[in-house]
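# Architecture and fold: a report
One letter stands for each residue in the lines below.
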Amino acid sequence: MAILNKSLDEELKLVREELRFEKEEREKLFAELVAARNELSFQKDERGKRVAELGIANIELVFQNDEKEKRAAELSVANVELIFQNNEKEKRAAELIIANKELLAFTYISSHDLQEPLRKIQMFCSVILKSEVNNLSETGKYNFQRIQVAAERMQQLINDLLDFSRISTTELKFERTELNTIIQDVITELRDTIQEKQATIDAADLGSANIIAFQFRQLMYNLISNALKFSRPGIASRIMIRSRAFKGIRADKETVSPEKEYCHITIKDNGIGFETQFSERIFEVFQKLHNKETYGGTGIGLAIVKKIVENHNGTITATGELGQGASFDIYLPIS
């Protein structure tokens, strides 16, 4: 009986061990199932994220394709516009060639066909006033003198128009030139007028500039002679000329590029000046602010000045105050 009980105890012990082992196995399996479920859940979440990312990527790709199509359309429009502009430039170039030919023809006519009868009018008026002076009444003498003055004014107008046309058609040859040399040449040519006006011209150490020499001499001649002509009666004329190099960004001018370097030339006088509203009008052809009987001229001189500055790729501005003088500022790009 004792032996039977012992055998049963051992069998129960084995069963318990087997049950404990199976329980541990089930727990391990359950843990593995939980881990697998968690892994599946994680993978599902990751797939969801990838799907969302792919959705966003697709939207971005569609957007980029749309942008590319827009850019392509814009480039197409820009190309059409560029072709149009090039065609317009070619038309303008052809028109300029025709205009230059017409201008050369006008120059020839002005040099020969117009001036010849004008010289005869001047010559015959002079002959009549000398040889027939005793036979003419005072009214007749006065009328012939008026004809002479009108013919001289016409002669000056033709000469100024010729100068203007030459400025537009001559070859632009730039060379490094001392500005003081040009000023001295102009002063020598205007010596009599300078003495008559008791004028002082202050133009020291102007330096050099890359310019079209003969055109710039014309420019300085026109500006200095203008300052002398419009001096105040009874007051000695004073003309100050200065030159300096500076960066465009330091200039308070819309026409000056801030990235470029400029040669800034100033011509200032103490003459009769002008009102501010005329600061642009004075550069137009045939524009005169004063009575032609008091101040002679054709109204082309400053138009020539502006054209010369433009030939140098520069700009010019004028400022003035009535009774206080005028100032001209020229900006020439150094490069």
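The following refers to the structure shown. Not measured: the values here are computed from a predicted model. (Residues numbered from 1 in each chain as written. Predicted model: local features only at pLDDT ≥ 70, side-chain atom pairs only at ≥ 80, totals over all residues. Heavy atoms only, no water.)

## Points about the packing of helix 5 (residues 213-229) against helix 6 (residues 301-311)
The contact between helix 5 and helix 6 brings their axes to 9 Å, and the two run at 145 degrees. Relative to helix 6, the crossing made by helix 5 is left-handed. Across the interface between the two elements, Gln215, Phe216, Gln218, Leu219, Asn222, Leu223 and Asn226 from helix 5 touch Gly301, Leu302, Ile304, Val305, Ile308, Val309 and Asn311 from helix 6. Of the residues belonging to the contact of helix 5 with helix 6, the class tally is 8 nonpolar, 6 polar and no charged. (Axes fitted to C-alpha atoms, helices over the stretch in contact; angles between N-to-C directions. Helix = DSSP H or I, 4+ residues; strand = E, 2+ residues; numbered from the N terminus. Left-handed = near helix turned anticlockwise from the far one by under 90°. Contact = heavy atoms within 4.5 Å. Nonpolar A, V, L, I, M, F, W, Y, C, P; charged D, E, K, R; others polar.)

## So, the pattern of salt bridges
Counted according to the given criterion, the structure contains 16 salt bridges. For Glu53, the salt bridge identified is with Arg50, shortest N-O distance 3.6 Å. In this pair, Glu53 and Arg50 are both assigned in helix 1 (residues 2-131), 3 residues apart and thus about one turn of the helix distant. Residue Glu53 is classed as partly exposed on the basis of its relative accessible area of 46%. One salt bridge in this structure joins Glu67 and Arg71, with 3.1 Å as the shortest N-O distance. Pair noted here: Glu67 and Arg71 are both in helix 1, with a separation of 4 residues, about one helical turn. Judged by its relative accessible area of 43%, Arg71 is partly exposed. Here the salt bridges share partners, and the residues they tie into one network are Glu46, Lys49, Arg50 and Glu53. (Salt bridge = Lys/Arg side-chain N within 4 Å of Asp/Glu carboxyl O. Buried < 20%, exposed > 50% of the residue type's maximum accessible area, 1.4 Å probe, protein only.)

## Let's talk about the nonpolar core
Nonpolar side chains in soluble globular proteins generally cluster together in the buried interior. If you look at the biggest cluster of nonpolar residues, it comprises 39 residues, and the most contacted ones within it are Ile241 and Ile265. Only helix 3 (179-189), strand 3 (208-211), helix 5, strand 4 (238-247), strand 5 (261-269), helix 6, strand 6 (315-321) and strand 7 (325-333) provide two or more residues apiece to this core. Tallying contributions element by element places helix 5 first for this core, with 7 residues. Here Ile265 is in contact with Leu179, Phe216, Met220, Ile241, Arg242, Ser243, Phe328, Asp329, Ile330 and Leu332, once residues within four sequence places are set aside. (Core = buried A, V, L, I, M, F, W, Y, C linked by side-chain atoms within 4.5 Å.)

## Describing helix 6
Count 3.6 residues to each turn of an α-helix, and residues three or four apart come out pointing the same way. When we look at burial in helix 6, the residues that qualify are Leu302, Ala303, Ile304, Val305, Ile308, Val309 and Asn311. Of the residues one or two after helix 6, Asn313 is the one with positive phi, at around 60 degrees.

## What about the environment of Ile235?
In this fold, Ile235 is placed in the loop between helix 5 and strand 4. On the basis of relative accessible area, Ile235 is assigned to the partly exposed category, the value being 37%. C-alpha separation for the pair Ile235 and Ala199, spaced 36 residues apart in sequence, amounts to 9.1 Å.

## Details of the sheet that holds strand 5
Read from one edge of the open sheet, 5 strands run 2-4-5-7-6, paired in mixed fashion. In this open sheet, the two edge strands, each paired with only one partner strand, are strand 2 (200-202) and strand 6. The average angle at which neighbouring strand axes cross in this sheet is 15 degrees, direction not considered. As judged from the 7 bridges shared by strand 5 and strand 7, these two strands associate in the antiparallel manner. Residue pairing across strands places Cys263 opposite Leu332, the latter belonging to strand 7. On the sheet, helix 5 packs against strand 2, strand 4, strand 5 and strand 7 and is oriented at approximately 30 degrees with respect to strand 5. Each of strand 6 and strand 7 touches helix 6; the most contacted strand, strand 6, lies at about 145 degrees to it. (Pairing = 2+ DSSP bridges.)

Remember, this is a structural readout, not a statement about activity or role.
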